[in-house]
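Each chain is listed here by its residues.
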Amino acid sequence: LVLTLHGRGGNTEAATVLAKPEMQKKYPFFVMAPAVGRANTWAVPQDFSKLRGGQLLPVALEALEAVKQEHPIDADRVYVTGQSMGGFGSFGAVAASPETFAAAIPICGGWAPADAEKMKDVAIWVFHGGADRTVPVERSRSMVEALKKAGGQPKYTEYEGVGHNSWSKTYATPETWEWLFAQRRKK
């Protein structure tokens, strides 16, 4: 199952890519694409004031657990990805429930480096545009460094000269999905 978290604009490019018949054929999986209104967000680290509103990640995680109970989901192959606000939500989901996820792909997001210890055992591949003026690239860089310092082995891709929309390139790259679907939850 892939939990996809949209950005502030309400679009989740991951769900669109994953819904393609060729993706479903190559990687049989479930996609979960919850939505929040403009007055809400997924999750906000304490030191990032740009994201405001009710934090609905706990509701999404509760719904995820219900889907896992109702459908034949491989509990060792549950993933989360998101762009922008959803990138923050992806980190937040792993921080809140690291035992749930095999892997995460947060794109142009960030989180509180102090939570890296909680997330270190989850496979994480972080993406960010080097010229992002909406979410500073330092947010991703600091999380990657904190994860490494905590003993994690995150992957990091920074697109030189790319602004905020680093998700289109990420989700269009077959290696992104090959890596994601190869991950299994650590026991």
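The coordinates are above.
Since we're looking at a predicted model, the values are computed, not measured. (Residues numbered from 1 in each chain as written. Predicted model: local features only at pLDDT ≥ 70, side-chain atom pairs only at ≥ 80, totals over all residues. Heavy atoms only, no water.)

### Considerations on empty space enclosed by the protein
Consideration 1: Per the stated rule, a full pass over the model turns up one cavity of 30 Å³ or more.
Consideration 2: Put simply, the largest cavity is a space of about 30 Å³.
Consideration 3: Around the largest cavity, the lining residues are Met119, Lys120, Val122, Ala123, Ile124, Leu147, Gly152, Gln153 and Pro154.
Consideration 4: Across the lining of the largest cavity, the residue classes tally to six nonpolar, two polar and one charged. (1 Å grid on protein atoms, 1.4 Å probe; cavity = no way out; pocket = protein on both sides within 12 Å on 5 of 7 lines; lining within 4 Å. Points joined across faces, edges and corners; volume = space filled by probe spheres on them. Nonpolar A, V, L, I, M, F, W, Y, C, P; charged D, E, K, R; others polar.)

### Concerning the nonpolar core
Consideration 1: By size, the foremost hydrophobic cluster in this structure holds 33 residues, and its most contacted members are Leu3, Phe101, Met119 and Ile124.
Consideration 2: The dominant element in this core, judged by the number of residues it contributes, is helix α4 (residues 85-96), at five residues.
Consideration 3: Counting 23 residues, the second-largest nonpolar core is a separate cluster that includes Met23, Phe127, Trp177 and Trp179. (Core = buried A, V, L, I, M, F, W, Y, C linked by side-chain atoms within 4.5 Å. Buried < 20%, exposed > 50% of the residue type's maximum accessible area, 1.4 Å probe, protein only. Helix = DSSP H or I, 4+ residues; strand = E, 2+ residues; numbered from the N terminus.)

### Describing helix α6 (residues 138-149)
An α-helical segment advances 3.6 residues per turn. Residues three or four places apart therefore align on the same side.
Consideration 1: For α6, built from twelve residues, the straight-helix expectation of 16 Å at 1.5 Å per residue is met to within 8% by its first-to-last C-alpha distance of 16 Å.
Consideration 2: At its buried positions, α6 is contacted by α4, α5 (116-119), β7 (123-129) and β8 (155-159).
Consideration 3: Gly151 occupies a position one or two residues after α6 and carries a positive phi of about 105°. (Expected span 1.5 Å × (residues − 1). Contact = heavy atoms within 4.5 Å.)

### Observations concerning the sheet that holds strand β1 (residues 2-5)
Consideration 1: Taken in spatial order, the six strands of this open sheet run β2-β1-β5-β6-β7-β8, and their pairing is parallel. Edge positions in the sheet fall to β2 (31-32) and β8, since each of these pairs with one other strand and no more. (Pairing = 2+ DSSP bridges.)

### Some words on the packing of aromatic side chains
The relative placement of two aromatic rings is captured by the distance of their centres and the angle of their planes.
Consideration 1: All told, the structure shown has eight aromatic pairs when counted by the stated rule.
Consideration 2: Their ring planes at 20° and their centres at 4.5 Å tell us that Tyr27 and Phe181 sit as a pair that is stacked. You can see Tyr27 sitting in the loop between α2 (21-26) and β2 and its partner Phe181 sitting in helix α8 (residues 174-182), a full 154 residues away along the chain.
Consideration 3: Given a relative accessible area of 6%, Phe181 falls into the buried group.
Consideration 4: Sitting over the ring of Trp125, Lys155 keeps its end group 4.1 Å from the ring centre. (Phe/Tyr/Trp six-rings, centres within 6.5 Å; stacked < 30°, edge-to-face > 60°. Lys NZ or Arg CZ within 6 Å of the ring centre and 35° of its normal.)

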